[in-house]
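Notes for the structure review
As a plain string of letters, each chain reads:
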Amino acid sequence: MAKSWSSSDLHLDWDRSTGWPGLAEALRAAVRSNRLPHGTALPSTRALAQDLGVARGTVTKVYEQLAAEGYLRTQQGSVTRVATTGAPPSSPPHPARTPPAPRWTLLPGRPDFSSFPRALWASATRRVLQTAPPSAFDYPDVRGTAELRAALARYLARSRGVLADPERTVVCGGHAHAVSLLATVLRERGAGEIAFEDPSLPIFRDVAATAGLRVTGAGVDADGVLVAELSELDAPAAVVTPAHQYPLGHTLAPARRAELVRWATGSGGVVVEDDYDGEFRFDRQPVGALQALAPERVVYAGTASKTLAPALRLSWLVLPRDLVDPVLAAMAGTGWRAPALEQLVLAELLDSGAYDLHVRRRRAAYRSRRDRLLAALPEALRPTGISAGLHLVLPLPAGGPTEEEVQAAATRRSLAVEVLGRHWMRPRPDRRGIVVGYAHPAEHAFAPTVRALLATLADLGLT
Ligand SMILES: Cc1ncc(COP(=O)(O)O)c(C=O)c1O
C-alpha cells in the first residue's frame, strides 16, 4: 500500500551546491535503492520546495525529468508517485528456507488473542482520554501510576486475597522484567543464589542468571515445591508457582504452604509467588495468595498476560516493605517506566468491573475447553495437576514415544505443542510429557486443533 507522505517525511541526500541535477539524482537514488518503493506518494512540488528552500519551479523540473525517465508518475491534479521498483535489497544467493508456520497451535502460555476485549479496551481508552488531566502525559511515576496501583491493590485484595497496598505495589513490564529487578536487588544485597522449582519455565531462570545469580532447583511433587529440598540449598530466595505449578499444574498443599512460609521466616528468605494464572481456577476451590500468610517475606507477582494479552507487557509486584525502595532504585537504574496511558486504561477496566467481567467470561471459556479436551482424549492419557489455568501436562507412558518423536509427529500434522523436557533443570528422561496450551486457539479453531492433537497421538500409538 502506498503511503501518503507529508512533505517533511521525505529525506533526500542532496548537496545544494549540485543544483537541480543533484536533486534529481538524490531522488533517483532513493527510488533505485527502494527507500522510496513503488507507489510511494511524494510531497507536492509546493511543499517540497518550501521544505528544501528552493523555487517551486526547481522541484517541478525535477519531477518532470524523473517522470520522463519513468521513475515517477505525475498526473495533473493528483499526487506524484514512484512508478518503478528499485533494486531489491541485496540478499544471500540461497536464502534460508523458513519452515511454514504450523496451522494449529496448542503452545502454552498464551490466551486466545481473538478474545482480547477490544470494545471494553476501546471504551476505557476513550474514558481515560476524556477525563485524564494534562499531567497524565508527563513522565510517569517510576512505581506505576497512582491510579493503577490503587486499582490493583483493591482488585488483588478482593480477588486473590493479597495483602495489597498501593505503596508497596510496583508496575513492571512482564514477569521476566520483575524477576530481573528482584534478582538484581538480591544480588546487590549479597545473595549468590536463587532457587526455582524443578521443573519451571527456563526464561525466568535465565533472566535471574543474567542478573548474576546462580540458579538452583528444588523438586516438585503433587503437593507443590519440596520445601525440604529448598532448605538444603544456599538460596536466600525462591521463585514458586503456588496456585498452579508451572508446568505440572499442582497446587501448593496447605501443609506445604505453611512449611514454605516457615522456611522464609526462619531463614530470612524471600519467596517470589508467581501468580501467573491464579484467576483461572475451575474447580471452585480457589486458594488465596500465599503472600497473605507472610507479606514481609513473600513477593506477590501478577500479570495481565493471561487475563488480557502478553502484548500489553504489564505486570505487577506487591513487595515486602524493605524491598520497595531497592526495587524502585533498580527500576530507575534501567531507565524504564511502564507506559502511563495503558496503565490508566487498565485501572479504568479494573475499577469499572469490566476486567472482572472479562475474566469471568474467559474462565468459563477456558474451563469448557479443558473439559472438551479431556473428554476427547483417550482414558489412558490423564493430565497432572488441578483443573485450572490455560494449559495441562499429559505425561507420556513408560516405553512410549520420546518427546522428539512427539514433536516430529506434531510437526507432520502441522501442530505446535510444547514438551516437558526443557523445563527440567536436572534432566528427567523418565518424566516425559506434552504441555498442551488449550487456551490459545481462537474458538472456531479449537475443535480442529484438538483433532490435530488426537491425530498426532494416534500416529504415536497413544490412542
Ligand atoms: C509460569 C509463568 N509465569 C509468569 C508468566 C507471565 O510472564 P509475563 O508477565 O512476562 O508475560 C508466564 C507466561 O507465560 C508463565 O508461564
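Residues numbered from 1 in each chain as written. Predicted model: local features only at pLDDT ≥ 70, side-chain atom pairs only at ≥ 80, totals over all residues. Heavy atoms only, no water.

Considering the overall build of the protein
- Of the regular secondary structure elements, the protein holds 14 helices and 15 strands.
- Projected onto its principal axes, the C-alpha positions of the protein cover 85 × 55 × 40 Å.
- Split into buried and exposed, the 463 residues of the protein put 52% on the buried side.
- Expressed as a percentage of contacts within the protein between residues at least 6 apart in sequence, the contacts between residues at least 24 apart total 74%.
- If you sum the accessible surface of the protein, you get close to 21,300 Å²; carbon and sulfur atoms cover 55% of it. (Helix = DSSP H or I, 4+ residues; strand = E, 2+ residues; numbered from the N terminus. Buried < 20%, exposed > 50% of the residue type's maximum accessible area, 1.4 Å probe, protein only. Contact = heavy atoms within 4.5 Å. Areas by Shrake-Rupley, 256 points an atom, 1.4 Å probe, with all protein chains shown as cover.)

What about the site of the ligand?
- Surrounding the ligand, one finds 13 residues, the nearest of these being Asp274, Thr303, Ser305, Lys306 and Arg313.
- In this structure, aspartate 274 approaches the ligand through a side-chain N or O atom, which is 2.5 Å from a nitrogen atom.
- Lysine 306 is positioned such that a nitrogen or oxygen atom in its side chain is 2.5 Å from an oxygen atom of the ligand.
- For the ligand, whose unbound accessible area comes to 400 Å², protein coverage reaches 90%. (Near = heavy atom within 4 Å. Polar contact = N/O pair within 3.5 Å; in protein donor to acceptor, adjacent residues only side chain to side chain.)

Re the sheet that holds strand E15 (residues 433-436)
- Strand order in the open sheet made by the three strands is E12-E15-E14, with antiparallel pairing throughout. The sheet is open, and its two borders are formed by strand E12 (392-395) and strand E14 (418-419), each paired with just one other strand.
- Where E14 lies against E15, two bridges are found, and the strand directions are antiparallel. Residue pairing in the sheet places valine 419 in a bridge with isoleucine 434 of E15. (Pairing = 2+ DSSP bridges.)

Thoughts on the UniProt feature "domain: HTH gntR-type" (unreviewed entry) in the protein
- Following the UniProt record, one finds the feature "domain: HTH gntR-type" (unreviewed entry) at residues 17-85.
- Regarding residues 17-85, the helix share stands at 51% and the strand share at 13%, and the terminal C-alpha atoms are separated by 28 Å. (UniProt positions renumbered as here; feature names shortened; annotations may be inferred.)

Some details on the environment of arginine 369
- Topologically, arginine 369 is positioned in helix H12 (residues 354-376).
- With relative accessibility at 0%, the residue arginine 369 sits in the buried group.
- A sequence separation of 69 residues divides arginine 369 from tyrosine 438, and the C-alpha atoms of the two residues are 6.7 Å apart.
- Apart from the residues lying within four places of it in its own chain, the contact partners of arginine 369 are Asp112, Arg362, Tyr438, Ala439, His440, Pro441, Ala442, Glu443 and Phe446.
- At a separation of 3.1 Å, a polar atom in the side chain of arginine 369 contacts the side chain of aspartate 112.
- Looking at arginine 369, its side chain comes within polar contact range of the main-chain oxygen of proline 441, at 2.7 Å.

A closer look at the nonpolar core
- Ranked by size, the top nonpolar core spans 62 residues in total, and within it Tyr355, Leu373 and Leu453 carry the most contacts.
- For this core, the domains that each give at least three residues are domain 2 (104-111 + 356-459) and domain 3 (116-352).
- What leucine 373 contacts, discounting residues up to four positions off in sequence, is Leu392, Val436, Tyr438, Phe446, Val450 and Leu453.
- Core analysis: the next-biggest nonpolar cluster, separate from the first, contains 31 residues, Val179, Leu181, Val185 and Ala237 among them. (Core = buried A, V, L, I, M, F, W, Y, C linked by side-chain atoms within 4.5 Å. Domains from an automatic or database assignment.)

Looking at the pairing of strand E9 (residues 270-274)
- Among the five residues in E9, five count as buried, and that is most of the element.
- Covered by surrounding structure in E9 are Val270, Val272 and Asp274 together with Val271 and Glu273, the residues of both alternating faces.
- Sheet topology note: the strand E8 (residues 237-240)/E9 ladder contains four bridges and is parallel. Its bridge partner being in E9, valine 239 is matched across the sheet by valine 272.
- Note on the crossover from E8 through helix H9 (residues 254-267) to E9: the handedness is right-handed.
- Looking at chain direction, E9 and strand E10 (residues 298-303) are connected through four bridges and run parallel. Considered in E10, the bridge of glutamate 273 is made with tyrosine 300. (Right-handed = clockwise from strand over helix to strand, strands pointing away.)

Concerning the pattern of salt bridges
- A complete count under the given rule lists 26 salt bridges for this structure.
- The closest approach of N and O atoms between aspartate 112 and arginine 362, which form a salt bridge, is 3.8 Å. One end of the pair, aspartate 112, is in the loop between strand E3 (104-105) and helix H4 (118-131); the other, arginine 362, is in helix H12, and 250 residues separate them in sequence.
- Given the relative accessible area of 3%, aspartate 112 is considered buried.
- Here arginine 189 and aspartate 322 are joined by a salt bridge, their closest N and O atoms 3.6 Å apart. Placement of arginine 189 in the loop between helix H6 (175-188) and strand E5 (193-198) and of aspartate 322 in helix H10 (residues 321-334) is noted, with a sequence separation of 133 residues between them. (Salt bridge = Lys/Arg side-chain N within 4 Å of Asp/Glu carboxyl O.)

Side note on unusual backbone geometry
- In this model, aspartate 198 is joined to proline 199 through a cis peptide bond whose omega is 15°.
- Within the fold, proline 199 resides in the loop between E5 and helix H7 (202-210).
- For the bond from tyrosine 246 to proline 247, the omega torsion is 10°, close enough to zero to count as cis.
- Note that proline 247 resides in the loop between E8 and H9.
- Residues other than glycine seldom take positive phi values, yet asparagine 34 does so here, at roughly 75°.
- On the secondary structure map, asparagine 34 appears in the loop between helix H1 (19-32) and helix H2 (45-52).
- Among the residues examined, asparagine 34 registers a relative accessible area of 24% and is labelled partly exposed.
- One non-glycine residue, arginine 313, lies in the positive phi region at around 50°.
- Considering the arrangement of structural elements, one finds arginine 313 in the loop between E10 and strand E11 (315-318).
- Residue classification places arginine 313 among the partly exposed residues on the basis of a relative accessible area of 38%.

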